[in-house]
Amino acid sequence: MTPHIYRFSEAPIWDLQRSYYQEQGIHAWQSEEVPQYITNNPIIAVAYAEMIIGFLQDRIRLGDATEPFTILELGAGSGRLAFHILKELCELRDYSGLSLPPFRYVMSDLAVKNIAYWQQHSSLLPFVQQGVLDFATFDAVRDTEIHLTQADIRIQPGDLQQPLMVIANYFFD
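Residues numbered from 1 in each chain as written. Predicted model: local features only at pLDDT ≥ 70, side-chain atom pairs only at ≥ 80, totals over all residues. Heavy atoms only, no water.

Novice: Would you take a moment to explain the nonpolar core for this structure?
Specialist: General note: in soluble globular proteins, nonpolar side chains tend to be found buried as a group. Core analysis: the largest hydrophobic core is formed by 28 residues, its most contacted members being Phe103, Tyr105, Met107 and Leu133. Elements with a minimum of two residues in this core: helix H3 (42–61), strand E1 (69–73), helix H4 (80–96), strand E2 (103–109), helix H5 (112–119), helix H6 (125–130), strand E3 (133–137) and strand E6 (165–167). With 6 residues, the single largest contributor to this core is H4. In this structure, leucine 133 is in contact with Leu86, Tyr105, Met107, Leu124, Phe127, Val128 and Gln150, ignoring residues within four places of it in sequence. Ranked by size, the runner-up nonpolar core spans 9 residues in total, among them Leu74, Ala136, Phe138 and Ala168. (Core = buried A, V, L, I, M, F, W, Y, C linked by side-chain atoms within 4.5 Å. Buried < 20%, exposed > 50% of the residue type's maximum accessible area, 1.4 Å probe, protein only. Helix = DSSP H or I, 4+ residues; strand = E, 2+ residues; numbered from the N terminus. Contact = heavy atoms within 4.5 Å.)

So, in structure tokens, the structure goes:
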């Protein structure tokens, strides 16, 4: 008899985790109940930023650099990884002298509490003001569109001219 294979999102632990993060919000990280440094540190962020810059440079070489790029982080949690990636991306962009296409980094999470926290966080606000950071409530299991809270636009399948870059660093931990 062949065993039935289930998606992880169908396992009981999936619903328990969803409930935990929705209830706890940012408190899950502030209370140190959820480990984060191993997946949200500057070294990992530099690696991601360098890959993103390399990808953008490749798109320029292909002559495909006029439309903005969207980078979607699934389950951005505390927001530390996004902060470190954005800091590095902007530094690489500003100091390299490279002509890069515009980009928008979207921090997403299932927990509305996390998004409210990010929107007021003093370390993230400069990126919002520069127009390189936006936020979205996003359920990767159920949602088919992304509603950006800052730009107040919806991204649906087929809307983007450039490939959607997805970071799911903590999402699968």
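Alright, that's what it looks like, and here's the rest.
Novice: In this structure, what is going on with the sheet that holds E2? I would like to understand it.
Specialist: Within a sheet, each strand pairs with its neighbour through backbone hydrogen bonds, oriented either parallel or antiparallel. An order of E3-E2-E1-E6 is seen for the 4 strands of this open sheet, with the pairing classed as parallel. Each end of this open sheet is capped by a strand with a single partner; those strands are E3 and E6. Between one strand axis and the next, the sheet turns by 25 degrees as a mean value, whatever way the strands run. The sheet contact formed by E2 and E3 spans 5 bridges and is parallel. Each bridged residue has a counterpart across the sheet, and for valine 106 the counterpart in E3 is aspartate 134. Taken strand by strand, H5 contacts E2 and E3, and its axis lies near 160 degrees from that of E3. (Pairing = 2+ DSSP bridges. Axes fitted to C-alpha atoms, helices over the stretch in contact; angles between N-to-C directions.)

Novice: Even after reading the chapter, I still don't get the side chain of serine 108, so can you show me in this structure?
Specialist: Tracing the backbone shows serine 108 in strand E2. Overall, the relative accessible area of 1% leaves serine 108 in the buried class. In this view, serine 108 contacts Leu72, Glu73, Leu74, Gly75, Ala76, Trp118, Ala136 and Phe138; residues no more than four positions away in its chain are not counted.

Novice: Please explain unusual backbone geometry as it appears in this structure.
Specialist: Leaving glycine out, the prevailing phi sign among residues is negative, and the prevailing peptide bond configuration is trans. Its identity is not glycine, yet aspartate 152 carries a phi of approximately 55 degrees, on the positive side. Tracing the chain through its elements places aspartate 152 in the loop between strand E4 (146–148) and strand E5 (153–155).

Novice: Looking at this structure, I do not really get the packing of aromatic side chains. What am I missing?
Specialist: Given two aromatic rings, their pairing is described by the distance between the two centres and the angle made by the two planes. By the definition in use, this model includes 3 aromatic pairs. Note on phenylalanine 55 and phenylalanine 69: the rings are 5.9 Å apart at their centroids and 85 degrees apart in plane angle, and the pair reads as edge-to-face. Of this pair, phenylalanine 55 sits in helix H3 while phenylalanine 69 sits in strand E1, placing them 14 residues apart in sequence. Given the relative accessible area of 0%, phenylalanine 69 is considered buried. Where phenylalanine 83 meets phenylalanine 127, the ring centres are 6.1 Å apart and the plane angle is 65 degrees; that geometry is what we call edge-to-face. Placement of the pair is phenylalanine 83 in helix H4 and phenylalanine 127 in helix H6, with a sequence separation of 44 residues. In this structure phenylalanine 83 comes out as partly exposed when scored by relative accessible area, which is 24%. Overall, the relative accessible area of 8% leaves phenylalanine 127 in the buried class. (Phe/Tyr/Trp six-rings, centres within 6.5 Å; stacked < 30°, edge-to-face > 60°.)

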